[in-house]
Amino acid sequence: MRTTSTSPTTLCLLALALVSGGAHAAGSLWQRDLKCASEKSERARVICRALEKEMQWAGTGHAMPGLPSFQVTFKTAARVFCRLPIRPEDTPTLVEMGLWHRYASTDHSMRAAQLTKGTTSLLALLGDEAKPHYPSVQAIHKPEAWMTDREIDTLRHEIENMTDHPASVFSPRSPDFLLKGGCQKVP
């Protein structure tokens, strides 16, 4: 059997080809593109564009480091919450956006996950102010066939768990609360 050595130039070209092919496959991983034009309402598009603008470059993964990408982070949520600003009246829009990207969207990409993370974080930052504004299915402009009051209740309970835990960055009782010192302290 004959062995051949591969030149460093060949290896570099091969690596470049793999990375560029991966970049095409990753698509939205390396771009600030949440496809906001596809959101159903104007307010949803405004919120989406604000999340998109504030996405940060970070590594993916938890237990193991992964590819870096643009992501909706806790800082992203705090900046959008304060700069847009997000108000309790935005709760129905955030609920619909979050549930759509979680349950009904046919796009199960990183983009959809980032939108779900962003809307959930914004609802958590609203905290108790959002509670009276959670919609019922009947109150949503055009509820989808998959949407039930159960999905809305599940989301509401998830947000309550996030804001009630004293160690959560979404809890005002936490020393790491994202809005500690108010919006003027958000970088």
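Our subject is the structure that appears above.
In this convention, every chain numbers its residues from 1, walking through the sequence in written order. Selection of residues for local features in this predicted model requires a pLDDT of at least 70, selection of side-chain atom pairs for listing and counting requires 80 or more, and totals for whole chains, interfaces and linings are taken over all residues. Only heavy atoms go into the side-chain values, all of them from the structure, while hydrogens and water stay out.

Trainee: Tell me about the environment of lysine 131, and please be specific about residues and values.
Mentor: Think of it this way: any DSSP run of H or I at least four residues long counts as a helix, any run of E at least two long counts as a strand, and we number them from the N terminus. Position of lysine 131 among the secondary structure elements: in the loop between α5 (110-126) and α6 (149-164). In the structure, lysine 131 is positioned 43 residues away from proline 88 in sequence and 8.4 Å away in space, judged by C-alpha atoms. Here the side chain of lysine 131 touches aspartate 128 through a polar contact of 3.1 Å, side chain to side chain. Identification of polar contacts relies on pairs of N or O atoms within 3.5 Å, with a donor-acceptor requirement for protein atoms, meaning one able to donate a hydrogen and the other able to accept it, and with residues adjacent in sequence counted only if both atoms are side-chain atoms.

Trainee: Describe the state of the cysteines, with residues and values.
Mentor: Cysteine sulfur pairs qualify as disulfides if the two atoms are within 2.5 Å. The tally for this structure, following the rule as stated, stands at 2 disulfides. One disulfide bridge connects cysteine 36 with cysteine 48, the sulfur atoms lying 2.1 Å from each other. Between cysteine 36 and cysteine 48, the S-S torsion sits near -75°, and that sign places the bridge as left-handed. Of this pair, cysteine 36 sits in the loop between α1 (8-26) and α2 (42-54) while cysteine 48 sits in helix α2, placing them 12 residues apart in sequence. Partly exposed describes any residue whose relative accessible area lies between the buried limit of under 20% and the exposed limit of over 50%, with all areas from a 1.4 Å probe on protein chains only and scaled to the type maximum. Cysteine 36 gets classed as buried once you look at its relative accessible area, which sits at 5%. Note on cysteine connectivity: cysteine 82 is disulfide-linked to cysteine 183, with sulfurs 2.1 Å apart. An S-S torsion of about -75° defines the bridge between cysteine 82 and cysteine 183 as left-handed. Within this pair, whereas cysteine 82 is found in helix α3 (residues 74-83), its partner cysteine 183 is found in the segment after α6, the two being separated by 101 residues in sequence.

Trainee: Break down the pattern of salt bridges for me, citing the residues and quoting the values.
Mentor: Any carboxyl oxygen of Asp or Glu within 4 Å of a side-chain nitrogen of Lys or Arg constitutes a salt bridge here. Per the stated rule, a full pass over the model turns up 10 salt bridges. Residue glutamate 42 pairs with arginine 45 through a salt bridge whose shortest N-O separation is 3.3 Å. Highlighted residues: glutamate 42 and arginine 45, both in helix α2, separated by 3 residues, approximately one helical turn. A relative accessible area of 45% places glutamate 42 in the partly exposed class. Its salt-bridge partner being aspartate 153, residue arginine 156 comes within 2.5 Å of it at the nearest N-O pair. With arginine 156 and aspartate 153 both in helix α6, this residue pair falls 3 residues apart, about one helical turn. Beyond isolated ion pairs, a larger network of salt bridges with shared partners links Glu42, Arg45 and Arg49.

Trainee: Describe the packing of aromatic side chains, listing the residues and the values that go with them.
Mentor: Think of a pair of aromatic rings as described by two things: how far the centres are apart, and how the planes are tilted against each other in angle. Two aromatic rings, drawn from Phe, Tyr or Trp (for Trp, its six-membered ring), form a pair once their centres lie within 6.5 Å of each other, and the interplanar angle then sorts them: stacked below 30 degrees, edge-to-face above 60, tilted otherwise. By the definition in use, this model includes 2 aromatic pairs. Considering the side-chain rings of tryptophan 57 and phenylalanine 70, the 5.0 Å spacing of their centres and the 70° angle between planes classify their relative orientation as edge-to-face. Of this pair, tryptophan 57 sits in strand β1 (residues 56-59) while phenylalanine 70 sits in strand β2 (residues 68-71); the two residues are 13 residues apart in sequence, bridging distant segments of the chain. The exposure class of phenylalanine 70 is buried, given its relative accessible area of 17%. Taken together, a centroid distance of 5.5 Å and an interplanar angle of 90° make the contact between phenylalanine 74 and phenylalanine 170 edge-to-face. Residue phenylalanine 74 is found in helix α3, and its partner phenylalanine 170 is found in the segment after α6; the two are separated by 96 residues along the sequence. Geometrically, a charge over a ring is one whose NZ (Lys) or CZ (Arg) sits within 6 Å of the ring centre while staying within 35 degrees of the ring normal. For the cation-ring pair, lysine 40 lies above tryptophan 100, with the distance from its terminal atom to the ring centre recorded as 4.5 Å.

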